[in-house]
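# Close look at the chain arrangement
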Amino acid sequence: MSLLLTLAGGLGLFLFGMSFMSQGLQKAAGAKLRNVLTAISSNKYVAVLFGALFTAIIQSSGATTVMVVTFVNAGLMDLVQAVGIIFGANIGTTITAQLVSFNLTAVAPVILLVGVVMFLFIKGPMFKKIGEVIIGFGSLFMGISMMSAAMSELNNYPQVIGTLSKLTNPFLAILVGLIITVIVQSSSVTVSILLLMAGQGLVSLPVCFYFILGCNIGSCTPAVMASLGAKKDAKRAALIHVLFNVFGMIIISVILIFAMQPFTAFIQSVSGGSIKRCVANTDTIYKVFQTIIFLPVSNQFIKLVNRLIPGDDKEQKGFTLEYINHSTIFSPTAAVIEAKSEISRMGDMAEENLKLAMHCFTDGDREKIDRVYATEKYIDYLTHEITNYMVDVNQQQLPVSDSLKIAGLFHVVSDIERIGDHAENIVDAAVQIQEQGIEFSKKALKELHEMFEKDMRIITLSLEMFDSENKEHLDEILALEEDIDRMEKELHNSHIRRMSKGKCSPESGLIYTDLVTGLERVADHATNIAFSMVDMDSM
C-alpha cells in the first residue's frame, strides 16, 4: 500500500508540474508566440521549425494543435499553413521526455524553492508567471524522483512483472500506449512514465518502441476534441494530425518488424547506452523521421483530408455561434481569438443591418424591414452568448496580454450591439412613416443620406481596425467623427429653419431630429470600437 501511495503521489506531482509549467508558459509568453505563429506560417518549412519551438516552449503539443484547429476554424490560418505547424508540434512535444531523461532530480528541490520565492515575494505579473513555470518544472522532477523510487521496488512484485511481460506483443503495446495517452491526453506524460519504467528495467526497449507509437496516436485526442462542432476545415486540420501519426506508426512498425536489431543498435549507439536516453531519443527520432518523409508530400495530406471530409460547411439554421464552440476543450492561448472572431462577425452583421435599415427608410419595403428586425434579434443573441463566453474566459488563466484585452472586448460588444439598436430605430421610423403617410422634403432626405454615408465609412474603418489591429485608419476616423459632430449641429439648425418656414410637419420633424441624433451616436460607437483597439494595443 505504501508503494502504491508513493507511486500515485509521484504521478500526481508529475502531472501537476506538467500542467502548471505549461499553463505558466502559455500565460507568460503565449500571446506573443501566437502572434508570431500566425505571421510566419505561410512557409511550411519555417512553420515546422517554429511549431517545434513553440511546442517545446509551452510543453504541450495538445495546446499547439488545439490552437491551430481554432485558428483554422476562425479563418486566420488555412490548411496549407496549418500542416507545417502540426508537423512541428509533434517534434516539439518530445522535449519533455528529453528533459526527464536527464537526471535533474537532485536539484529539483532548489528549482522548486526558486519558483516559490518568485511567485510569492517578487511583485509584477510577469515574475509571477515565470515563478509558476519554475514551480511546475521543480514539481515535475520531484514527482519523477518519487515515481523512480517507487518503481525501483516493483521488480519485487511478480504480478507486476507478469502483467508488463504481456506487452511484448507489438499490437498490445501500441494499444496500451494509445489508450493511456487518450486518457491523460498527453504523450509527453505517457512517454516520460515509460522512460522511468524502462530505467528501472520494468519494460524492455523493443516494447518501448511500439508503446511510443501508440502514445503518438493518442496525443491527437485534444485536437480531435477541439474540432468537434467546428467547421470542416478545422476537422480537416485535426485529421491531418491523426494521419501524421497513424501513417507514421504503420511505416515505423514495418521497419521494426524487419529491422529491430539494427534499429535497437542504432538507438543505443546515439544514446550512450542509457536506457532512459534511448526512450527519449526514440520518441524524437520517430517524429523527425515522420516529418522528413511527410513534409514533402504535405499537399497530398491536404488532398486526402479533403476527400475524407468532403464538401463545404452547410449554412446553419437559427441562431448559432461560428467560432466559439462550448463543447470543445478550452485553449487559453486561443480563447481571445475565438471571441474576437465572433465579435468581428457580429460587427459585420450590424454594419449590413444598418445599411439595410436605411434602404427601408427610403423605400419602405416590408420584407427588408422584417429582415432588419430578424437580424437585430440575431445580434442580441450574439451579444448575450459572446458576453457569457468572455465572462467564463475571464475567470480562466490567460496569457497576460490577453487578460488585459478582455475588458476592451466587452466594450466592443456593447458598442456593436448599440449600433444594431440604432438600425432597429431607423426601421421603426420607416414603419411610422409608412403607417402615417409622413413625407420628407428632398433636402431633408439628402442631408440624412449624406450623414449616413459618413456613418458607414467610419463603421467600416473602425471594424477594419479592430480586425487587423492596425492604427492606419485612426486619423481618418477621428476626422470623420468631428465632421459628423459638426454635421449634426448644422442639420439640427437647418431643420429649425425649415420648421419656422412651415416646410415640414411636426411629425416629420420629430423623426428627422431623432434620426440625426441617432446617426451621430452611431459614429460615437464606431469611434469607441476604434479606440478600444488602441487601448488594447497599448496594454
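For the rest of this paragraph, the subject is the overall build of the protein. The helix and strand tally for the protein stands at 21 helices and 0 strands. Out of the 539 residues in the protein, the part that is buried amounts to 53%. Of the contacts made within the protein by residues no fewer than 6 positions apart, 82% connect residues no fewer than 24 positions apart. Accessible surface, the protein: about 23,700 Å² in total, of which carbon and sulfur atoms supply 61%.

Once that is clear, we can look at the side chain of Thr-93. Mapping Thr-93 onto the fold places it in the loop between helix H4 (79-92) and helix H5 (95-101). Within polar-contact distance, the side chain of Thr-93 engages the side chain of Ser-188 at 2.9 Å. Those residues within four positions of Thr-93 in sequence are excluded, and the remaining contacts are Thr-55, Ser-61, Ser-187, Ser-188 and Lys-287.

For the structure on display, the rule yields 12 salt bridges. A salt bridge links Arg-457 to Glu-476; its shortest N-O distance comes to 3.1 Å. Of the two residues, Arg-457 is situated in helix H19 (residues 442-468) and Glu-476 in helix H20 (residues 474-500); the sequence distance between them amounts to 19 residues. Residue Arg-457 is classed as partly exposed on the basis of its relative accessible area, which comes to 37%. In the salt-bridge network here, residues are joined through shared partners; they are Lys-231, Glu-322, Glu-342 and Arg-345.

Further remarks concern the nonpolar core. Counting residues in each nonpolar core, the largest one holds 67 residues, and the members touching the most others are Ile-343, Leu-354 and Phe-361. For this core, the secondary-structure elements that each account for two or more residues are helix H16 (335-363), helix H17 (366-394), helix H18 (400-436), H19, H20 and helix H21 (506-538). If near-sequence neighbours (up to four positions away) are discounted, Ile-343 is found in contact with Ile-386, Met-390, Leu-409, Val-412, Val-413, Ile-416 and Phe-466. Judged by nonpolar contacts, the second largest core, of 46 residues, contains Ala-108, Ala-198, Phe-263 and Ala-280.

Okay, a nonpolar patch on the surface next. A contiguous nonpolar surface patch, about 640 Å² in accessible area, is contributed by Leu-113, Val-116, Val-117, Leu-120, Phe-121, Ile-122 and Phe-127. The element that contributes the greatest number of residues to the nonpolar patch is helix H6 (residues 108-121), accounting for 5 residues. In this fold, Val-116 is placed in helix H6.

Any pair of aromatic rings gets described here by the distance separating the centres and the angle formed by the planes. Using the criterion set out here, one finds 11 aromatic pairs in the structure. Measuring from ring centre to ring centre gives 6.2 Å for Phe-50 and Phe-54, while their planes differ by 50°; the resulting arrangement is tilted. Note that Phe-50 and Phe-54 are positioned in helix H2 (residues 44-58) at a spacing of 4 residues, about one turn of the helix. We classify Phe-50 as buried; its relative accessible area is 11%.

This part covers the state of the cysteines. Scanning the entire structure with this criterion turns up 0 disulfides. Cys-215 carries a free sulfur, and the closest cysteine sulfur to it, the one in Cys-208, is 9.6 Å from it. The closest cysteine sulfur to the non-disulfide-bonded Cys-278 is located on Cys-208, 9.1 Å from its own sulfur.

Right, let's talk about the packing of H16 against H19 for a bit. One way to put it is that H16 packs onto H19 with a least axis distance of 11 Å and a crossing angle of 170°. Here H16 is positioned roughly antiparallel relative to H19, judged by the angle of their axes. Touching Lys-340, Ile-343, Ser-344, Gly-347, Asp-348, Glu-351, Leu-354, Lys-355, Met-358, Phe-361 and Thr-362 of H16 are Leu-445, Leu-448, His-449, Phe-452, Met-456, Ile-459, Thr-460, Leu-463, Phe-466 and Asp-467, all from H19. Grouping the constituent residues of the contact of H16 with H19 by class yields 11 nonpolar, 5 polar and 5 charged.

What follows is about the packing of helix H9 (residues 170-184) against helix H10 (residues 187-199). The description of two packed helices rests on the angle between their axes and on the distance between the axes. Following both chains from N to C, one finds H9 and H10 inclined at 130°, their axes separated by 8 Å at the closest point. Looking at the two axes, H9 sits oblique to H10. Judged by the twist between their axes, the crossing of H9 over H10 is right-handed. Where H9 approaches H10, its residues Ile-180, Thr-181 and Val-184 are matched on the opposing element by Ser-187, Val-189 and Thr-190. For the contact of H9 with H10, the residue count by class is 3 nonpolar, 3 polar and no charged.

Time to look at the side chain of Thr-527. Tracing the chain through its elements places Thr-527 in helix H21. Taking relative accessible area as the criterion, Thr-527 reaches 8% and is therefore assigned buried. Side-chain polar atoms of Thr-527 contact the backbone oxygen of Ala-523, separated by 2.8 Å. Contact partners of Thr-527, with chain neighbours within four places excluded, come to Ile-458, Ser-462, Ile-477 and Glu-481.

Right, let's talk about helix H11 (residues 205-218) for a bit. For H11, built from 14 residues, the straight-helix expectation of 20 Å at 1.5 Å per residue is met to within 8% by its first-to-last C-alpha distance of 20 Å. Here H11 lies mainly inside the structure; 13 of its 14 residues are buried.

Side chains of Asp-348, Glu-464, Asp-467 and Glu-472 sit close together on the surface and give a patch of like negative charge. Relative to the elements of secondary structure, Glu-464 occurs in helix H19. A residue is classified by how much of its surface remains accessible, and Glu-464, at 37% relative accessible area, is partly exposed.

With respect to the helices, strands and loops of the structure, Gly-10 is situated in helix H1 (residues 2-40). Here the alpha-carbon distance between Gly-10 and Ser-148, two residues 138 residues apart in the chain, equals 8.5 Å. Not counting chain neighbours up to four residues away, the residues in contact with Gly-10 comprise Gly-143, Met-146 and Met-147.

Take Val-110: it is sitting in helix H6. Take Val-110: its relative accessible area is 52%, and that puts it in the exposed class.

Reading guide: rules and limits
Residues numbered from 1 in each chain as written. Predicted model: local features only at pLDDT ≥ 70, side-chain atom pairs only at ≥ 80, totals over all residues. Heavy atoms only, no water. Helix = DSSP H or I, 4+ residues; strand = E, 2+ residues; numbered from the N terminus. Buried < 20%, exposed > 50% of the residue type's maximum accessible area, 1.4 Å probe, protein only. Contact = heavy atoms within 4.5 Å. Areas by Shrake-Rupley, 256 points an atom, 1.4 Å probe, with all protein chains shown as cover. Polar contact = N/O pair within 3.5 Å; in protein donor to acceptor, adjacent residues only side chain to side chain. Salt bridge = Lys/Arg side-chain N within 4 Å of Asp/Glu carboxyl O. Core = buried A, V, L, I, M, F, W, Y, C linked by side-chain atoms within 4.5 Å. Patch = residues over 30% accessible without salt bridge, like charges linked within 9 Å, V, L, I, M, F, W, Y side chains within 5 Å. Phe/Tyr/Trp six-rings, centres within 6.5 Å; stacked < 30°, edge-to-face > 60°. Disulfide = S-S within 2.5 Å. Axes fitted to C-alpha atoms, helices over the stretch in contact; angles between N-to-C directions. Parallel < 35°, antiparallel > 145°, perpendicular 65-115°, else oblique. Nonpolar A, V, L, I, M, F, W, Y, C, P; charged D, E, K, R; others polar. Left-handed = near helix turned anticlockwise from the far one by under 90°. Expected span 1.5 Å × (residues − 1). Lys, Arg positive; Asp, Glu negative; His and termini not counted. Charge placed at Lys NZ, Arg CZ, Asp CG, Glu CD.

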